[in-house]
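# Residue-level structure breakdown
Next come the chains, spelled out residue by residue.
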Amino acid sequence: MSEARNLRRLCSHAFINEETNKWVCRTDTKTQDSCNTIDAENVTAVLEGDLWKQLYPLPNEMVAKPQGRRMFPNFNVRVSGLLPMLYYHIFMRVLPISDRKYHYSRLSQRWVDAGPADEESECVLYYHPDTPCQGLAWTRKPISFKTPKFTTSKREGNMIEVREGQQYVLALHIVEMSDETDKPNKCLELVFDDTKFVAVNSHQNEAVSACKLNRAGRSPLNES
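What counts and how
Residues numbered from 1 in each chain as written. Predicted model: local features only at pLDDT ≥ 70, side-chain atom pairs only at ≥ 80, totals over all residues. Heavy atoms only, no water. Salt bridge = Lys/Arg side-chain N within 4 Å of Asp/Glu carboxyl O. Helix = DSSP H or I, 4+ residues; strand = E, 2+ residues; numbered from the N terminus. Buried < 20%, exposed > 50% of the residue type's maximum accessible area, 1.4 Å probe, protein only. Pairing = 2+ DSSP bridges. Arc of directions from axis to C-beta. Contact = heavy atoms within 4.5 Å. Polar contact = N/O pair within 3.5 Å; in protein donor to acceptor, adjacent residues only side chain to side chain. Axes fitted to C-alpha atoms, helices over the stretch in contact; angles between N-to-C directions.

Within this structure, the stated rule accounts for seven salt bridges. Among the ionic pairs, Arg-93 bridges to Glu-189, the shortest N-O distance being 2.7 Å. Of this pair, Arg-93 sits in strand β7 (residues 87-105) while Glu-189 is found in strand β15 (residues 186-200), placing the two residues 96 residues apart along the sequence. As a salt-bridge pair, Asp-113 and Arg-100 come within 2.9 Å of each other at their nearest N and O atoms. Of this pair, Asp-113 sits in strand β8 (residues 110-116) while Arg-100 sits in strand β7, and the two are 13 residues apart along the sequence. The class for Arg-100 is partly exposed, based on a relative accessible area of 29%.

Now the structure itself:
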């Protein structure tokens, strides 16, 4: 983890913002076109846990607080196809998926359009605590993100800022380390549609709260 903090740039997408000391992701077209991409045909990734699939059609809600609120369910992904002896950095990325924001109507019991989305903050990459690690280690067991916290305000530390009422999806960002210094490291981003959620201050749909409570054994409203 200390090595990841000391690097300033990993690939054309992932780099450290020296002002905030946070890993961030650049998404402009020019940068993406210049990125050296890992061969996606050799890498497969499967989202683990059936709770994501149960929450998806409701749709899922993720509680975010100014002080931070831990993500539930956890983001667990089983990856195969990484070269066993090469080192990889692994990040979780939260992608906005709509230019609209939404409000939950208790009358109709569904999310309704509430106008244009608020401008997003800088896209933060949440680094896995074991990064960097060899491909053999990453593929030996599921890659698990258990501690990410969502916040609705700018805060210090490895938190992810989201906007209340806006939709997001989770992605796994993989960076392959290389000794070649004349070109960016190869990277690959895998998006998991089943992780789509609406950021909320507290759960709005009782079905979502009940589903999480049934699985967690305690109220998701009190997670910290």
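Right, picking up where we left off after that structure.
This part covers the sheet that holds strand β13 (residues 160-161). The sheet built from three strands is open, its strands ordered β5-β12-β13 with mixed pairing. Each edge of the open sheet carries a strand with a single partner, namely β5 (69-70) and β13. Bridging between β5 and strand β12 (residues 149-151) involves two bridges; their strand directions are antiparallel. Looking at β12, one finds that Arg-69 is bridged to Phe-150.

On any regular strand, side chains alternate: one points to one face of the sheet, the next to the other face. For strand β14 (residues 166-176), a buried count of 11 out of 11 residues is recorded, marking the element as mostly surrounded by other parts of the structure. Neither face of β14 is exposed, since Gln-166, Tyr-168, Leu-170, Leu-172, Ile-174 and Glu-176 on one face and Gln-167, Val-169, Ala-171, His-173 and Val-175 on the opposite face are all buried. Two strands pair when backbone bridges link them, and β7 and β14 are joined in this way by 10 bridges, in the antiparallel orientation. Across the sheet, residue Tyr-88 finds its bridge partner in β14, namely Glu-176. Note: β14 against β15, nine bridges, orientation antiparallel. Pairing of Leu-172 across the sheet is with Leu-190, part of β15.

Another point: helix α5 (residues 206-216). Think of an α-helix as 3.6 residues a turn; residues three or four steps apart then line up on the same face. Of the residues making up α5, those classed as buried are Val-208, Ser-209, Cys-211 and Lys-212. Buried residues of α5, viewed axially, fall in a sector of 165 degrees; they line one side. In α5, those exposed residues whose orientation departs by more than 90 degrees from the buried face are Glu-206 and Asn-214. For α5, the elements touching its buried residues are α3 (51-55) and β4 (60-63). One side-chain oxygen of the residue at the start of α5 lies 2.9 Å from the amide nitrogen of Ala-207, identifying that residue as Asn-205.

A separate point is the environment of Phe-145. Here Phe-145 is to be found in strand β11 (residues 143-145). The class for Phe-145 is buried, based on a relative accessible area of 1%. Separated by 72 residues in the primary sequence, Phe-145 and Pro-73 place their C-alpha atoms 9.7 Å from one another. Beyond its immediate sequence surroundings of up to four residues, Phe-145 is in contact with Met-71, Asn-74, Phe-75, Asn-76, Ile-90, Phe-91, Met-92, Tyr-126, Tyr-127, His-128 and Leu-172.

A word on the sheet that holds β11. The strands that make up a sheet are held in pairs by hydrogen bonds between backbone atoms, and each pair lies either parallel or antiparallel. With antiparallel pairing, three strands are arranged side by side in an open sheet as β3-β6-β11. The open sheet has two edge strands, β3 (44-47) and β11, and neither has a second partner. Going from strand to strand, the sheet's axes swing by 25 degrees on average, the running direction of each strand aside. In the sheet, β3 pairs with strand β6 (residues 75-80) via four bridges, with the strands oriented antiparallel. The residue of β6 that forms the bridge with Val-46 is Arg-78.

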